[in-house]
Amino acid sequence: MDDTTDAVFDRDAVREGLAALGVDRLTLAIHDASFPGAARDDLGRGSPASIGGRRFLELVAALGFDSVQLGPQGQTSRVNPSPYDGTWFSRSALSIAPWPLAHAPRWGGLLEPATLEALVARAGPPGDRAHHGAAFDAMERVLTEVHRRFVAARARGDAAARALEEERRAFVEAHGDWLAHDALHAALEVEHGGRSWRSWPWPDRELPAVDAPAVADARRRSLRRARGDVIERYELTQLLAHRQHAEVRAHARERGLALFGDVQIGLSHVDEWGRAPVLLDGYRLGAPPSRTNPAGQPWGYALVDPAAGAPARRLVEARLAKLLDAYDALRIDHPHGMVCPWVYDAHAADPVAAVQAGARLFSSPDLPDHPALAAYARVGPAQLDRSVPRYDEHWVRALTDAQVARYAEAMDALLAQCRARGRGADALVVEVLSTCPRPLAEVLARHGLGRFRVTSKAKPDDPSDGYRTDRARPEDWVMLGTHDTPPIWRRLRDWRADGALEARADYLARRLAGDDREAFAAWLAADPRRLALAELADLFVSDARSVMIFFADLFGREAIYNRPGTVRDDNWTLRVRPDVATRYPRDAARGRALSLPGALALALRADPARAARHAALIARLERGAPFRWRAGDQETR
């Protein structure tokens, strides 16, 4: 590489620049399916445990990131790739890397190398899109062979198979409750030809909760006799998935990267099975109308019933404990669902209309269209502002300390588990976006937790806009976009088409240019690539101590990863290109991808006194910058 592209990987300079700007965390956000592939082991979908995934983590560390925010890693169905619909406990088999199963000594050759070669050849060269269904089928082939060879080796008395069998038994004992539940579901799914559990006959339809112990025990025994191979295969698959995750975490830690997990708010189809006694009857979780989604979103997720008592608490606490043990920090997806969930009629013929007419579970003491919610109310009728819609942030006027404590019960329990592991509130990343109802705002303040400031959604001419970085507090997280927003590169194209580039440039000039704002704004507006760099620099000059960058933004992609509330073949499939290690430095050096050194140099120059103190560092960072700004003397590469 030449001097410029080599400077893109100046990790030490990036870390020094972040420290000079008061930024404690620089996190890359990416979901498992989006990891890049390598020719030897790619089945059509990414994985952190794969050869390409491990190399990518090394690249991320070399760029100066200190952490990686993963998406939910639960098991999804063949037809639904959304990680936010995955299982709470079981790990996705699709994230198992097949290469070690064929070649690593510790696994005893569980996979025939020729099988892997054939599957990789069928998948074709790794690309920039995941092929969920095909990868699902290929992994089924892998796991079928792995289990068959394991059983045969165990029968022969093979030493490696005996060791793996001991490990499987220990794993089953350590994870008994959730593993037994999910493995039993897998067996029944085979028993009933892959049909949904909602169509199964009694007692299978509700077997974990059947109030007839003799009947339930007899049915479980019969399933173990008839489908014991399915149950054992499921247990072995989960062992492999969990062990590989632990290896990925160790690999990341050795390179200075923390791994953040994602606590999705939705309860999966598998987790819902047989748990009716602890679920809220008659209601589903959704998102109310908002600035982001004016029509609302009827997600259809079941909710754990707060009135279900100890069994409900044990389920939630077991899930959170498992996640905290597997990651260094956790992203809390849609924390409204933990504090003040928006619910709607589960039986309505029109779910969209139902979610628009929904209500807050704990903030609806006397609604005539939702009388059942009065039993859950944590506020009284006099505390409501009925001049605004019931989803409005100010629907609840004020709260007493005792009421805040009640709204905070779920978050308090999570923080207690963090403290039990020697961690504090900084182990939580809380996804609060366009709306923050008063109960949620009070709970966040109770624990010193911040919110997300998604700057590509900010209105530059509205000083009160909550997405702007000049509103950010130290505890907040700032970012250009998330997995649910168009990448900054597509936004630039839209802003140019809408005539909005100049307004963005003017706002960024106020943030970054000191006294020479007019010239700086014109310099930015003249080239959208410069504007993208300045958008990134704007994150670093905010008061927020934590910055997150979604992979599509970093690597210069225009394609959308997820369109919320839609079902499309191209949703959840965007991947990092396999040639990222050579392509990204070139793109960053030309302003076609985000340059961390370049953005940090711009951010350090925003304050003349700071720029003077760090002149040598700025010069070092500018070696990796695609554009350089000097007041009155602009230089462009």
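See the structure above.
Residues numbered from 1 in each chain as written. Predicted model: local features only at pLDDT ≥ 70, side-chain atom pairs only at ≥ 80, totals over all residues. Heavy atoms only, no water.

Asker: For the nonpolar core, give the residues involved together with the corresponding values.
Answerer: The biggest cluster of nonpolar side chains holds 141 residues, and the ones touching the most others in it are Phe 56, Phe 65, Leu 428 and Phe 540. The greatest single-element share of this core, amounting to 8 residues, is contributed by helix H20 (residues 528-540). Those residues within four positions of Phe 540 in sequence are excluded, and the remaining contacts are Leu 18, Leu 21, Val 23, Leu 26, Val 547, Leu 596, Ala 599, Leu 600 and Ala 603. By size, the runner-up hydrophobic cluster in this structure holds 42 residues, among which are Leu 110, Val 230, Ala 241 and Ala 312. (Core = buried A, V, L, I, M, F, W, Y, C linked by side-chain atoms within 4.5 Å. Buried < 20%, exposed > 50% of the residue type's maximum accessible area, 1.4 Å probe, protein only. Helix = DSSP H or I, 4+ residues; strand = E, 2+ residues; numbered from the N terminus. Contact = heavy atoms within 4.5 Å.)

Asker: Which residues make up the sheet that holds strand E6 (residues 329-332), and what are the values?
Answerer: With parallel pairing, 8 strands are arranged side by side in an open sheet as E9-E6-E3-E2-E1-E12-E11-E10. In this open sheet, the two edge strands, each paired with only one partner strand, are strand E9 (428-430) and strand E10 (452-454). Put simply, the sheet's adjacent strands are angled 25° from each other on average, direction ignored. Pairing geometry for strand E3 (residues 258-263) and E6, over 4 bridges, is parallel. Bridge assignment links Asp 262 to a residue of E6, and that residue is Arg 331. (Pairing = 2+ DSSP bridges. Axes fitted to C-alpha atoms, helices over the stretch in contact; angles between N-to-C directions.)

Asker: Give a description of the packing of aromatic side chains that names residues and reports values.
Answerer: Given two aromatic rings, their pairing is described by the distance between the two centres and the angle made by the two planes. Taken as a whole and assessed by the stated rule, the structure comprises 18 aromatic pairs. An angle of 75° between the planes, with centres 5.0 Å apart, marks the rings of Phe 520 and Trp 629 as edge-to-face. Of this pair, Phe 520 sits in helix H19 (residues 517-525) while Trp 629 sits in the loop between strand E13 (627-628) and strand E14 (635-636), placing them 109 residues apart in sequence. Trp 629 gets classed as buried once you look at its relative accessible area, which sits at 7%. Geometrically, the ring pair formed by Trp 523 and Trp 629 is tilted, given 5.4 Å between the ring centres and 45° between the ring planes. Placement of Trp 523 in helix H19 and of Trp 629 in the loop between E13 and E14 is noted, with a sequence separation of 106 residues between them. Members of the aromatic cluster, connected to one another through ring pairs, are Tyr 84, Phe 550, Phe 551, Tyr 561 and Trp 572. The lysine or arginine in question, Lys 322, covers the ring of Trp 178, its NZ or CZ lying 4.9 Å from the ring centre. The lysine or arginine in question, Arg 378, covers the ring of Phe 362, its NZ or CZ lying 3.6 Å from the ring centre. (Phe/Tyr/Trp six-rings, centres within 6.5 Å; stacked < 30°, edge-to-face > 60°. Lys NZ or Arg CZ within 6 Å of the ring centre and 35° of its normal.)

Asker: I'd love a proper account of the side chain of Arg 233, names of residues and values included.
Answerer: Topologically, Arg 233 is positioned in helix H9 (residues 213-254). For Arg 233, a relative accessible area of 19% corresponds to the buried category.

Asker: Help me get a handle on the pairing of E3, residues and values and all.
Answerer: Within E3, 5 of the 6 residues are buried, which leaves the element mostly enclosed by the surrounding structure. Sheet topology note: the strand E2 (residues 67-69)/E3 ladder contains 3 bridges and is parallel. Note that in E3 the partner of Ser 67 across the bridge is Ala 258.

Asker: Can you break down the packing of helix H6 (residues 132-156) against H9 residue by residue, with the values?
Answerer: At a minimum axis distance of 10 Å, the contact between H6 and H9 shows a crossing angle of 105°. One element, H6, and the other, H9, form an angle in the roughly perpendicular class. On the side of H6, the interface is formed by Glu 140, Leu 143, Thr 144, Val 146, His 147, Phe 150, Val 151 and Arg 154, while H9 contributes Asp 229, Glu 232, Arg 233, Leu 236, Thr 237 and Leu 240. The class makeup of the residues in the contact of H6 with H9 is 6 nonpolar, 3 polar and 5 charged. (Parallel < 35°, antiparallel > 145°, perpendicular 65-115°, else oblique. Nonpolar A, V, L, I, M, F, W, Y, C, P; charged D, E, K, R; others polar.)

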